[in-house]
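What the coordinates show
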Amino acid sequence: MRIMIVDDEVIIRTGLAKVIKWKEIGIELLQPAASAEEALRRLPEEHPHILLTDIRMKHMNGLQLAEKAKEIIPEIETIILSGYDDFVFMQQAIRQGVSDYLLKTSRPEEIMKTVLQVKQRIEEKWKHHNQDQYKNKEIRNRLFEQWIIEGETTAVDSALLSEYLPHLFPSKNAGESKLQIYVITAEGWGESTAAMSLLLFAVDNMLHELLKCETLIYKQRIVVGIRKEQGAELNIYPSTALNKIEQLLKCKVWLSLGEMVHQAEDLHKSYTTADYAFSYKPILEKSILDYSDIALRKGGKTVCTHEEELELSAILLEDDSIALKGWVQRYMQPELDDPQMTIESLQSMIHSAALSAHRWLERVLTATGRGGNIDEQISPLVINRGTILKDVLFQHLLALMELYHHRLAGGQATHTQKAMAYIQQNLGNDVGLQQVAKFVHLHPNHLSEVFKKEAGMTFGDYVTRQKIGRAMEILTVSPAKIAEIAGVVGFEDIKYFSQVFKKFTGKTPSEFREEATQHLGQTPKP
């Protein structure tokens, strides 16, 4: 695609010609014209697709030039560049169908973006006017997608490959070579879909100028296929291309490299490995992600420890979002820094923490008499591709905490409900009246009165019932010694524990375990 700059000031037209690397964004720069008259004389022969012209020139201004240029080349697009922020000129330019209006004070990247937008519009017109060309492009894109992205090599007529994807499938024997797929994305021109599409369009243009490659813009990324001939420098391509693109387009580029392959039939394998490496983008602070490095990782921690679960439960019970965010940071950051960490191990860690929070919610609801099926009220934990994993975990835990404190508790939880939840969570620790009253911010005597009124039993009886209930659960599933179980539920004296247990159940702990084991028909598992 060709562009002609028209300006009667030599410093302006020379500056515009040099400040932007036109070739690298897929634009052929014609010799700049010093006047509108010169431009009109050259139009029939040089046939530019875009005019970038000053609005104020001697004899004939830019708007007049745009009008006459349309008579010579009806499909030509004109960008007006002016040193005057003049609304009248802008109105007239719009009426005359001028493509865009820029000030001479516009930064080079703004001018480049505008030219690229015009180029995009021209190509859209070509697509509709030239159905054969459009059809060929569609065939080419579908071949790329089938062979490389979907791996459907048997469904493709291999004879078409050299015609439509010549850089990957040369018609002549190219000798021994290696094939590799890159996945590229870029940011920095705005968050809107239009801005993202334009930036990818610009990056794609530059890739074809910098590399002998085949590309496809696919799901807001660019998939790049490279054939590397024997003896060529294999490592210079990605970093060199990235640096040039970032410098010229004033953006940030990320690139992932798939596994190097020798056979064209293995290009899909290279793509899947590049795609997998790309999934590490939100985690690793690297511009280039190489699958060959990531594949060596063995994986890190995968479960939430008992100590971490206790700390998390206490925070959830306190309804403290700031402390929750800090917990997530302490929980996740060491693993994010672990050189052996993998996406899979991180996801397992997140699911383990979420499961701990679900168990906490079930326990406190049961303890406060509000048990039942809560699954329908909890949104499932979904880890989408490209999301910040720490944020995913924090938002899920926060939702669970808010669900309990602001919905399931019927509004703000009462002091008795808070006390019950605290007791349930801390049965093996100090759950005496003084400690629990301190937690719910009430005087012990007042808590005792309120608790008996709302729970229908004394504070001491409730605590004992919860301890014996927990002991019954453990005796049913664990072969741990009776003394160990007594300690877990807060009894220091095993004889006293046995007496209280028999009072509540009618059986000693040993008798209860034997009967429970016979009922289950199996040996308790540790």
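Residues numbered from 1 in each chain as written. Predicted model: local features only at pLDDT ≥ 70, side-chain atom pairs only at ≥ 80, totals over all residues. Heavy atoms only, no water.

Section: the environment of L249
Inspection of the secondary structure puts L249 in helix α9 (residues 236–249). Along the sequence, L249 and W189 sit 60 residues apart, while their C-alpha atoms lie 9.1 Å from each other. (Helix = DSSP H or I, 4+ residues; strand = E, 2+ residues; numbered from the N terminus.)

Concerning the packing of helix α2 (residues 36–46) against helix α3 (residues 62–72)
Relative to each other, α2 and α3 sit at 10 degrees, their axes nearing to 10 Å. Put simply, α2 runs roughly parallel to α3. Of the residues in α3, those in contact with A36, A39, L40, L43 and P44 of α2 are L65, K68, A69 and I72. Taken together, the residues of the contact of α2 with α3 break down into eight nonpolar, no polar and one charged. (Axes fitted to C-alpha atoms, helices over the stretch in contact; angles between N-to-C directions. Parallel < 35°, antiparallel > 145°, perpendicular 65-115°, else oblique. Contact = heavy atoms within 4.5 Å. Nonpolar A, V, L, I, M, F, W, Y, C, P; charged D, E, K, R; others polar.)

Overview of the side chain of R140
If you trace the backbone, R140 turns up in helix α6 (residues 131–150). For R140, the side chain forms a polar contact with the side chain of N141, separated by 3.0 Å. (Polar contact = N/O pair within 3.5 Å; in protein donor to acceptor, adjacent residues only side chain to side chain.)

Examining the confidence of the model for the protein chain
Summing up the model confidence of the protein chain, the mean pLDDT is 84 and the portion of residues at 70 or higher is 88%. The least confident element of the protein chain is helix α4 (residues 87–95), whose mean pLDDT is 57; the most confident is helix α10 (residues 267–278), at 96. Contacts for the low-pLDDT stretch residues 231–236, under 50 throughout, to residues beyond four places or in other chains number four contacts. (pLDDT = per-residue confidence, 0-100.)

A short note on the pattern of salt bridges
A full pass over the atoms with the stated rule returns 15 salt bridges. Linking K252 and E246 is a salt bridge whose minimum nitrogen-to-oxygen distance equals 3.9 Å. Because the salt bridges share partners, they merge into one network encompassing E38, R42 and E46. (Salt bridge = Lys/Arg side-chain N within 4 Å of Asp/Glu carboxyl O.)

Some words on the packing of helix α19 (residues 459–477) against helix α21 (residues 494–505)
Running from N to C, α19 and α21 point in directions that differ by 95 degrees, and their axes come no closer than 10 Å. The angle between α19 and α21 places the two elements in the roughly perpendicular class. Residue-level inspection shows T464, R465, I468, A471, M472 and L475 of α19 in contact with α21, the latter providing F497, V500, F501, F504 and T505. Looking at the contact of α19 with α21 residue by residue, the class counts come to eight nonpolar, two polar and one charged.

Comments concerning the sheet that holds strand β2 (residues 28–29)
Reading across from one edge, β2-β1-β3-β4-β5 is the order of the five strands in this open sheet, with parallel pairing throughout. With one partner strand each, in any of the chains shown, β2 and β5 (100–103) form the two edges of the open sheet. In this structure, strand β3 (residues 50–54) lies alongside strand β4 (residues 77–82), joined through five bridges in parallel fashion. Across the sheet, L52 pairs through a bridge with I79, a residue of β4. (Pairing = 2+ DSSP bridges.)

A closer look at α21
With twelve residues, α21 extends 16 Å between its outermost C-alpha atoms, agreeing within 8% with the 16 Å of an ideal straight helix rising 1.5 Å per residue. Listed in full, the buried residues belonging to α21 are F497, V500, F501 and T505. Each buried residue of α21 lies within a common arc of 115 degrees when the element is viewed along its axis, so the set occupies one face. Opposite the buried face of α21, at more than 90 degrees from it, the exposed residues are K495, Q499 and K503. (Expected span 1.5 Å × (residues − 1). Buried < 20%, exposed > 50% of the residue type's maximum accessible area, 1.4 Å probe, protein only. Arc of directions from axis to C-beta.)

So, helix α17 (residues 433–440)
Among all positions of α17, only V436, A437, F439 and V440 are buried. Around the axis of α17, the buried residues are gathered within 155 degrees of arc, so they sit on the same side. Along α17, the residues that are exposed and aim more than 90 degrees away from the buried face are Q434 and K438. Those residues of α17 hidden inside the fold are in contact with α12 (306–318), α16 (415–425), α18 (444–455) and α19.

Thoughts on the packing of aromatic side chains
Taken as a whole and judged by the stated rule, the model has eleven aromatic pairs. Here the aromatic rings of Y276 and Y291 are separated by 6.2 Å at their centres, their planes lie at 80 degrees, and the arrangement is edge-to-face. Here Y276 is found in helix α10, whereas its partner Y291 is found in helix α11 (residues 291–294), with 15 residues between them in sequence. With 5.3 Å between their ring centres and 65 degrees between their planes, F451 and Y462 make a pair best called edge-to-face. Of this pair, F451 sits in helix α18 while Y462 sits in helix α19, and the two are eleven residues apart along the sequence. (Phe/Tyr/Trp six-rings, centres within 6.5 Å; stacked < 30°, edge-to-face > 60°.)

What to know about the pairing of strand β9 (residues 252–257)
Counting buried positions over the six residues of β9 gives five, a clear majority of the element. Where strand β6 (residues 177–187) lies against β9, six bridges are found, and the strand directions are antiparallel. Its bridge partner being in β9, Y182 is matched across the sheet by L257. The sheet contact formed by β9 and strand β10 (residues 288–290) spans three bridges and is parallel. Following the sheet pairing, S256 is matched in β10 by L289.

Considering the nonpolar core
L324, W327, M332 and L393 are the most contacted members of the largest nonpolar core, which totals 57 residues. Take this core: its biggest share by element is eleven residues, from helix α14 (residues 343–367). Leave out the neighbours within four places in its chain, and L324 touches L312, I315, L316, F394, L397, L398 and M401. I79, L198, L200 and A202 belong to the second-largest nonpolar core, a separate cluster that totals 47 residues. (Core = buried A, V, L, I, M, F, W, Y, C linked by side-chain atoms within 4.5 Å.)

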